[in-house]
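# Analysis of the macromolecular model
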Amino acid sequence: EGSTVIESRRGAGAWEMIAQSNSSPYIDDRNLLAAGTAEVREYRARFWDDGTSCSDWCNVVKVTVGP
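Note that the structure is predicted; figures quoted are calculated from it, not measured. (Residues numbered from 1 in each chain as written. Predicted model: local features only at pLDDT ≥ 70, side-chain atom pairs only at ≥ 80, totals over all residues. Heavy atoms only, no water.)

Turning next to the overall build of the protein chain. The secondary structure content of the protein chain amounts to zero helices and five strands. Counting helices and strands in the order they occur from the N terminus, the protein chain gives β-β-β-β-β. Summarising its shape, the C-alpha atoms of the protein chain cover approximately 40 × 20 × 15 Å along the three principal directions. When the 67 residues of the protein chain are sorted by exposure, 24% land in the buried category. A separation of at least 24 residues holds for 42% of the contacts in the protein chain among residues at least 6 apart in sequence. For the protein chain, the accessible area works out to roughly 4,700 Å², and carbon and sulfur atoms hold 50% of it. Charged side chains of the protein chain number 7 positive and 10 negative; the gap between the two group centres comes to 9 Å. (Helix = DSSP H or I, 4+ residues; strand = E, 2+ residues; numbered from the N terminus. Buried < 20%, exposed > 50% of the residue type's maximum accessible area, 1.4 Å probe, protein only. Contact = heavy atoms within 4.5 Å. Areas by Shrake-Rupley, 256 points an atom, 1.4 Å probe, with all protein chains shown as cover. Lys, Arg positive; Asp, Glu negative; His and termini not counted. Charge placed at Lys NZ, Arg CZ, Asp CG, Glu CD.)

Given below as structure tokens:
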């Protein structure tokens, strides 16, 4: 069965896979990198099927998350 792989990048960090899901919505409940300080998180996703990516990455979305 197909699913969606979601990756995120925070600060100057590298992309990291945070979920492989086949339901919506996905809620990112990770703690802030620095407690009490807002941060910009970037997200991208692509379809995954049978252990293989089957699409390009979608456009990157930026979200500011704060306390």
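Next comes the rest of the description.
Turning to the nonpolar core, a few remarks are in order. One recurring pattern in soluble globular proteins is that nonpolar side chains are buried together. Ranked by size, the top nonpolar core spans five residues in total: Ile6, Ile18, Ala19, Tyr43 and Ala45. Mapped by element, the contributors of at least two residues to this core are β2 (16-21) and β3 (39-49). Setting aside chain neighbours within four positions, we find Ile18 in contact with Ile6, Glu7, Ser8, Tyr26, Asp28, Arg30 and Tyr43. (Core = buried A, V, L, I, M, F, W, Y, C linked by side-chain atoms within 4.5 Å.)

It is worth spelling out the confidence of the model for the protein chain at this point. Detailed reading of the predicted coordinates is not advisable wherever pLDDT is low. Overall, the predicted model of the protein chain reaches an average pLDDT of 90, with 99% of residues at or above 70. Mean pLDDT across the elements of the protein chain ranges from a minimum in strand β4 (residues 52-53), with 77, to a maximum in strand β5 (residues 61-65), with 95. (pLDDT = per-residue confidence, 0-100.)

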